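Listed below are the residues making up each chain.
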Number of protein chains: 2
Amino acid sequence: MRAVLVIADGMADRPIRELGWKTPLEAAHRPALNQLARNGVSGILDPIAPGVPPGTDTSTLALLGYDPLKVYSGRGALEAVGSGVEVLPGDVAFRCNFATVDKNFVVLDRRAGRIVNEDATELAESLQKIKIKRSLNVEFFFKNTVQHRAALVIRGHSLSTAISDSDPEVAGKPVLEAKPLSGLPEAKRTARIVNYLTQEFHKVLKKHPVNKERAKHKLIVANMVLCRGAGTIPKIAPLSEVFGIKAACIAAVPLIRGVCKVAGMKLISVKGATGTIQTDYTAKARAAVDASKTNDFVLVHVKATDVASHDGNFKQKIEAVQNFDKMLRFMLEHVGLDSTYLAVTADHTTSSVTGNHEGDPVPVVISGPYVRQDDVVEFGERSCAKGGLNRIRGTDLMHTLMDLLGKTRKFGA
Amino acid sequence: MRAVLVIADGMADRPIRELGWKTPLEAAHRPALNQLARNGVSGILDPIAPGVPPGTDTSTLALLGYDPLKVYSGRGALEAVGSGVEVLPGDVAFRCNFATVDKNFVVLDRRAGRIVNEDATELAESLQKIKIKRSLNVEFFFKNTVQHRAALVIRGHSLSTAISDSDPEVAGKPVLEAKPLSGLPEAKRTARIVNYLTQEFHKVLKKHPVNKERAKHKLIVANMVLCRGAGTIPKIAPLSEVFGIKAACIAAVPLIRGVCKVAGMKLISVKGATGTIQTDYTAKARAAVDASKTNDFVLVHVKATDVASHDGNFKQKIEAVQNFDKMLRFMLEHVGLDSTYLAVTADHTTSSVTGNHEGDPVPVVISGPYVRQDDVVEFGERSCAKGGLNRIRGTDLMHTLMDLLGKTRKFGA
């Protein structure tokens, strides 16, 4: 017996007027999802709690059975770890964006036009070469990940995560000064380091050949690095210890890979799985089927559904759901349903209207040999609310799956 | 976008034999409530937890998003604040009743025949004139509110809420001596003050002209003050801080006004809204519609449904529900449904059979532009249990509403 948990990032939505008040999921052709609902037990799930908009990181921690309210320690370190950047205890790590600013440091584009990986890599390599001034007595590691995304790790004595972001979170506002959020000297020192690096990065970026080339091709330049989510490594026991299982993760997005890495899961890389809307679904599905043969638990994460909704593009979201459904079809046909529990959910609701993560529950289904199959025949936000799981919390799902695998311990006698 | 939360006090009930095992709510003609259910998302809600009978105060705290298990500090201070009596940190406040006792201090009527406001005011003014003996080194403030209800605030050094009630809670038992509930001198001192005041109050009341007049008209006299619910001001952040909203409250009952006041809400007084079965529903509805134009959140509280059930009068309860429904009709027609989330619930179940608050869940509905409309077409204790919200907790509702308004913060990244 094994379990495969497939998470479609931000797949849940709110009803949309233009879709006759259906959600994109409800409007999509989704025969595989509906087959899972027909054969399984469905429900709705609050990743954190009703009405609380989850981050992708906090939700994924919850879906792996960890209580994010207790263990979450910021995005930065998770993303850095997931990007293959080493983060040690004591390090402070940041999620960064390549961005575009004007002369007055006002942000014009928080994603530098979703800069391509090749350009971002060349810029990041130049930034890593910067010699930091001796008096700061600190090291840094900077690495780009997917498109405009990057990670920054600061290593040295007396650092703190209690500093504010330099990222203003919206275009049209100036880059912020990182500020200490506590009176401790560690916080002041860390803020000073971040502000220093922000300046140094800008100096290198504004005259960088890659940007000159971009300007020539009428592309907006990546002349700033915005930092947010100062964090450290969360202190959690690996899944091998918690449930005694061998677990693997198939995800392209560094933040998810980071969460899975700190949970002690094996990270499987799939050629063509990009974390974008053009990701290769079949390659991912095949990798998941393969991984399920040698692992007790496989987490598969698909980002495309969320990308579409952040852009407010519900038609593209329907398409992403339909592609996701094809991926599930492949898994249904190859995964060995008599010995596999196949669960599908979303890590949060993303509204195609607001473009934001929202606190609405997400649909969830568990299909497999011994679930209490219910009457639900469609996988959707509303249909699943009538299912046999009723309304559960994010942390409940993993325990339910592990219990089906016989990997839980009796509490009491 | 704005939200209006309408709370019908104790509206939920248990099935009643004489109603063919329907509840009063289910038996009532309630077209507006049913319209809300048809257009909205419904569910059942445990104000505190399943099987835990909530107080009106703890439930209202929960419905505003505060965890009453963490912040509740007694009824007395909330009621006093809601009556316009100032309560400062360190003060100990009590909910009081004018009551009727015989020569042996046995309680004949805990509400002095639901004494009219005019009589109660005259009595309270006399009580406030009592000169407290110097040696106690303490001040007191006594104010009547609605009918037999009143508030007592004790101010001075070394006071404690750890004292028992003087109110025996049922007729036929003698007035209790307030006793210290801890070994601390503060508790002993506070109990001594309450017992002293009880004696002094009785001395003034028993020979008061108002009571002589009442006796002449064959009305039972208000010759005793019963104290209960020693409390202090709860330490909570105002809603303006928690959610960044402007919030107002329309309620006649001091306890509700007190909860809303400590939550930083504006208290709106409505002429004709009395907190009794004869309350002017239309005036309340109109005030709610007006308030919704200048506030992000408006809480409207109707007491009449609870009064009827405490009296075991399920026919009157049906009538109260039907009046409540007319009030909602007015709101539905005037509130601007394309930009308003209208939510309706009860703060607890009150059984018309036992006359008590019970721990059964209450029905809840949220209607508004982007809710996941479900199949529920009737608002009732059982029909709502099949709704898309499934079963939530009291504290979940406010977060859900605030999330619909875009007033929640993402947890994580």
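Scroll up a little and you will see the structure.
Residues numbered from 1 in each chain as written. Chains lettered and ligands numbered in written order. Predicted model: local features only at pLDDT ≥ 70, side-chain atom pairs only at ≥ 80, totals over all residues. Heavy atoms only, no water.

A.B. asks: For the overall build of chain A, give the residues involved together with the corresponding values.
C.D. replies: Looking only at helices and strands, one finds 14 helices and 15 strands in chain A. Taking 2.2 N^0.38 as the reference for a compact globule, 413 residues should give roughly 22 Å; the C-alpha atoms of chain A span a radius of gyration of 22 Å, in line with that estimate. Along the first, second and third principal axes, the C-alpha atoms of chain A reach 65 × 55 × 35 Å. Excluding contacts between residues fewer than 6 apart, the proportion of contacts in chain A whose partners are at least 24 apart in sequence is 74%. Total accessible area on chain A stands at roughly 16,600 Å², and carbon and sulfur atoms take up 50% of it. The centroid of the 55 positive side-chain charges in chain A is displaced by 4 Å from the centroid of its 43 negative side-chain charges. (Helix = DSSP H or I, 4+ residues; strand = E, 2+ residues; numbered from the N terminus. Rg over C-alpha atoms; globule rule 2.2 N^0.38 Å. Contact = heavy atoms within 4.5 Å. Areas by Shrake-Rupley, 256 points an atom, 1.4 Å probe, with all protein chains shown as cover. Lys, Arg positive; Asp, Glu negative; His and termini not counted. Charge placed at Lys NZ, Arg CZ, Asp CG, Glu CD.)

A.B. asks: Run through the pattern of salt bridges, naming residues and quoting values.
C.D. replies: Residues and elements named next belong to chain B. Taken as a whole, this structure holds 43 salt bridges over all chains when the rule is applied. Its salt-bridge partner being E79, residue R95 comes within 3.6 Å of it at the nearest N-O pair. Of this pair, R95 sits in strand β3 (residues 92-101) while E79 is found in helix α5 (residues 75-82), placing the two residues 16 residues apart along the sequence. An identical accessibility class is assigned to R95 and E79; each is buried. Between R228 and D167 there is a salt bridge, with its nearest N and O atoms 3.3 Å apart. On the criterion of sequence distance, the pair formed by R228 in strand β7 (residues 224-231) and D167 in the loop between β6 (149-156) and α7 (185-206) is long-range, its members being 61 residues apart. With a relative accessible area of 11%, R228 lands in the buried category. Look at D167 and you get buried, because its relative accessible area is 2%. (Salt bridge = Lys/Arg side-chain N within 4 Å of Asp/Glu carboxyl O. Buried < 20%, exposed > 50% of the residue type's maximum accessible area, 1.4 Å probe, protein only.)

A.B. asks: Just give me the short version of the relation of the copies chain A and chain B, but keep the residues and values in it.
C.D. replies: Mapping chain A onto chain B calls for a screw motion: a turn of 123 degrees about the axis and a shift of 0.2 Å along it, with 0.1 Å RMSD after fitting. Such values leave the two copies arranged in the relation of a three-fold axis. The fraction of interface residues of chain A whose copies in chain B are also interface residues is only 6%, indicating that the copies meet through different surfaces. (Least-squares fit on C-alpha atoms with pLDDT ≥ 70 in both.)

A.B. asks: Quick rundown of unusual backbone geometry? Include the residues and the values.
C.D. replies: The backbone of F105 of chain A shows a phi angle near 65 degrees, a positive value even though the residue is not glycine. Structurally, the position occupied by F105 of chain A is in the loop between β3 (92-101) and β4 (107-109). Backbone geometry places N390 of chain B, a non-glycine residue, at a positive phi of 55 degrees.

A.B. asks: Any chance you could break down the nonpolar core for me, citing the residues and the numbers?
C.D. replies: L239, F297 and M331 of chain B are the most contacted members of the largest nonpolar core, which totals 90 residues. With near-sequence residues (within four places) excluded, F297 of chain B lies in contact with A3, L5, L64, L239, I245, K246, A247, A248, M265, M398, L401 and M402 of chain B. Within the second largest apolar cluster, 87 residues are counted, among which are A28, V41, Y66 and L401 of chain A. (Core = buried A, V, L, I, M, F, W, Y, C linked by side-chain atoms within 4.5 Å.)

A.B. asks: Provide a residue-level description of the sheet that holds strand β10 (residues 297-302) of chain A, including the pertinent values.
C.D. replies: Residues and elements named next belong to chain A. The strand order β9-β8-β10-β1-β11-β14-β2-β15 describes an open sheet built from eight strands, whose pairing is mixed. The open sheet has two edge strands with one neighbour each: β9 (266-268) and β15 (390-393). Along the sheet, successive strands turn relative to each other by an average axial angle of 25 degrees, direction set aside. Pairing of strand β11 (residues 340-345) with strand β14 (residues 362-367), which is carried by four bridges, proceeds in the antiparallel orientation. Pairing of A343 across the sheet is with I366, part of β14. (Pairing = 2+ DSSP bridges. Axes fitted to C-alpha atoms, helices over the stretch in contact; angles between N-to-C directions.)

A.B. asks: Go over the environment of R393 of chain B, please, and point to the residues and values.
C.D. replies: All names here are of chain B. Residue position: R393 is located in strand β15 (residues 390-393). Through-space distance from the C-alpha of R393 to that of P15 is 22 Å; in sequence the pair is 378 residues apart. If we skip the residues at most four places from it in the chain, R393 touches L45, D46, I48, A49 and P50.

A.B. asks: I'd like a description of the interface of chain A and chain B, backed by residues and values.
C.D. replies: Counting from both sides, the interface comprises 35 residues of chain A and, opposite them, 22 residues of chain B. Both sides together, the interface formed by chain A and chain B hides about 2,300 Å², and carbon and sulfur atoms give 53% of it. Among the residues chain A hides against chain B, the three largest losses belong to R14, P53 and R391 of chain A. Together they make up 22% of the total. Between the two partners, chain A and chain B, sit three salt bridges. Ionic pairing is found between D403 of chain B and R14 of chain A, a salt bridge with its closest N-O pair at 3.2 Å. At the surface where chain A touches chain B, the tally comes to 14 residue pairs in polar contact (both at pLDDT 80 or more). Where the side of chain A that touches chain B is concerned, the elements lending two or more residues are α3 (56-63), α4 (68-71), β13 (357-358) and β15 of chain A. Within the side of chain A that touches chain B, the residues separate by chemical class into 16 nonpolar, eight polar and 11 charged. (Buried area = accessible area lost by both parts, 1.4 Å probe. Polar contact = N/O pair within 3.5 Å; in protein donor to acceptor, adjacent residues only side chain to side chain. Nonpolar A, V, L, I, M, F, W, Y, C, P; charged D, E, K, R; others polar.)

A.B. asks: Talk me through the environment of T349 of chain B; I want residue IDs and the actual numbers.
C.D. replies: Residue and element names in this part refer to chain B. Structurally, T349 can be placed in strand β12 (residues 349-350). Each C-alpha atom of the pair T349 and T232 lies 26 Å from the other, and the pair is 117 residues apart in sequence. Setting aside anything within four residues of it in sequence, one finds T349 in contact with A12, D13, R14, N356, H357, E358, D360, P361 and V362. Of the polar contacts made by the side chain of T349, one reaches the backbone oxygen of D360; its length is 3.2 Å.

A.B. asks: Describe the pairing of strand β1 (residues 2-8) of chain B, naming the residues involved and giving the relevant values.
C.D. replies: Residues and elements named next belong to chain B. Across the seven residues that make up β1, a large majority, seven, are buried. Both faces of β1 are covered, namely the face carrying R2, V4, V6 and A8 and the face carrying A3, L5 and I7. Bridge analysis of β1 against strand β11 (residues 340-346) gives seven bridges, and the strand direction is parallel. Following the sheet pairing, I7 is matched in β11 by T345. Strand direction decides the pairing type here: β1 and strand β10 (residues 297-302), joined by six bridges, are parallel.

A.B. asks: Give me helix α6 (residues 117-128) of chain A: which residues, what numbers.
C.D. replies: Residues and elements named next belong to chain A. With 12 residues, α6 should cover 16 Å at 1.5 Å per step; its first-to-last C-alpha distance of 16 Å lies within 8% of that length. Regarding α6, the residues found buried are D119, A120, L123, A124 and L127. The arc that holds the buried residues of α6, viewed along the axis, is 130 degrees, so those residues lie on one side. Packed against the buried residues of α6 are β3, β5 (138-144), α7 (185-206), α8 (209-216) and β7 (224-231). (Expected span 1.5 Å × (residues − 1). Arc of directions from axis to C-beta.)

A.B. asks: Tell me what's going on with the sheet that holds strand β2 (residues 41-46) of chain B, and back it up with residues and numbers.
C.D. replies: Residues and elements named next belong to chain B. Across the sheet, which stays open at both edges, the eight strands sit in the order β9-β8-β10-β1-β11-β14-β2-β15 with mixed pairing between neighbours. Edge positions in the sheet fall to β9 (266-268) and β15, since each has one partner strand and no second. Geometrically, the sheet is characterised by an average inter-axis angle of 25 degrees between neighbouring strands, direction not taken into account. Along the sheet, helix α11 (residues 281-292) makes contact with β1, β8 (247-250), β9 and β10, crossing β10 at roughly 170 degrees.

A.B. asks: An account of the side chain of E358 of chain A is requested, with residue identities and associated values reported.
C.D. replies: Within the secondary structure, E358 of chain A is located in strand β13. Of the polar contacts made by the side chain of E358 of chain A, one reaches the side chain of R14 of chain A; its length is 3.4 Å. Once you skip the residues sitting within four places of it in the chain, E358 of chain A turns out to touch R14, P53, P54, T349 and S351 of chain A together with D403 of chain B.

A.B. asks: How would you explain the pairing of β2 of chain B if you had to name every residue and give the values?
C.D. replies: Residues and elements named next belong to chain B. Summarising burial for β2: six of the six residues are buried, a large majority. Covered by surrounding structure in β2 are V41, G43 and L45 together with S42, I44 and D46, the residues of both alternating faces. As paired elements, β2 and strand β14 (residues 362-367) share five bridges and run antiparallel to each other. By the bridge assignment for β14, G43 is matched with V364. As defined by bridge partners, β2 adjoins β15 across four bridges and the pair is classed as parallel. Along β15, the bridge assignment pairs G43 with N390.

These values are about where atoms sit, not about what they do.
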